[in-house]
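# Architecture and fold: a report
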Amino acid sequence: MPSATAGGGDGSGRIKVAVHAPDPISREGAICQLRRHPEIELCEEGHAGPGTVAVLIGDTFDGPGLTRLRRLVRSEGARAVLVVGTLRESELLDVIECGVGAIVWRHEATHDRLAQAVLAAARGDGDLPADLLGRLISQVGTLHRGAAGRPGVPSSVLTQREIDVLRLVAEGLDTKEIAGKLSYSERTVKNVVHGLTTRLHLRNRAHAVAHALREGYI
């Protein structure tokens, strides 16, 4: 059960979720699935704000979708889950850098899968489909190779502890599993990730992994 901090910050421990969809049928379908989970508190689209998880549903996420995503995450402080049919290579890094930490394919969006993604987003964990994570690693690796050796390309220094944690995040492990692998406490793992994302102005774990890949650390 997530803590009150992971929830809406109202002390109830429940996670406030606002569902955004291009049509009422998709929206009501997602709401019905999420309503099965008592740890989730559904709210209206316009009520997204700090601590709220915004579930955005769409076939693709291009111009208008990215604009809405940026507004929800950067202006309103929501955490985002994408439920998407397809995601082109040109869109993948864009949505990660917008602040998306959890992505679910529409054909895999069962009520349990949706709830898993919402819980991960509320905790600040990453939750990407394995095939999408592979594409992200490949895409960022290509960007890194293209930038290698170019003058003026910024770089940042990560500690070995940060690299170890991010490597396991990239493998899909959650906080508890990472703590077990590295013999750290869960609090230490959270502190490492929080310190890294704060120092480098990164939006979440998925963005931190993308950064580490781009810089060639993992």
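Let me begin by describing the structure that accompanies this report. (Residues numbered from 1 in each chain as written. Predicted model: local features only at pLDDT ≥ 70, side-chain atom pairs only at ≥ 80, totals over all residues. Heavy atoms only, no water.)

## Comments concerning the packing of aromatic side chains
Tallied over the entire structure, the rule returns 0 aromatic pairs. Over the aromatic face of Tyr184 sits the side chain of Arg161, whose NZ or CZ is 4.8 Å from the ring centroid. (Phe/Tyr/Trp six-rings, centres within 6.5 Å; stacked < 30°, edge-to-face > 60°. Lys NZ or Arg CZ within 6 Å of the ring centre and 35° of its normal.)

## Observations regarding the environment of Gly46
Counting through the fold element by element, Gly46 comes out in the loop between strand 2 (40–43) and strand 3 (53–58). Spatially, the C-alpha atom of Gly46 lies 9.4 Å from that of His20, the residues being 26 residues apart in sequence. (Helix = DSSP H or I, 4+ residues; strand = E, 2+ residues; numbered from the N terminus.)

## Observations regarding the environment of Ala170
Among the secondary structure elements, Ala170 is positioned in helix 6 (residues 160–170). Taking the C-alpha atoms as reference points, Ala170 and Asp127, separated by 43 residues in sequence, lie 9.9 Å from one another. Apart from the residues lying within four places of it in its own chain, the contact partners of Ala170 are Leu133, Val209 and Ile218. (Contact = heavy atoms within 4.5 Å.)

## Some details on helix 2 (residues 63–75)
Look at helix 2: 17 Å from first C-alpha to last across 13 residues, which is about the 18 Å you get at 1.5 Å a residue. Of the residues making up helix 2, those classed as buried are Gly65, Leu66, Leu69, Leu72 and Val73. Viewed along the axis of helix 2, the buried residues span an arc of 130°, placing them on a single side of the element. Turned more than 90 degrees off the buried face of helix 2, the exposed positions are Pro64, Thr67 and Ser75. Residues of helix 2 that are buried in the fold lie against strand 1 (15–20), strand 3, strand 4 (79–84), helix 3 (89–98) and strand 5 (100–105). A positive phi of about 80° marks Gly77, the residue just after helix 2. (Expected span 1.5 Å × (residues − 1). Buried < 20%, exposed > 50% of the residue type's maximum accessible area, 1.4 Å probe, protein only. Arc of directions from axis to C-beta.)

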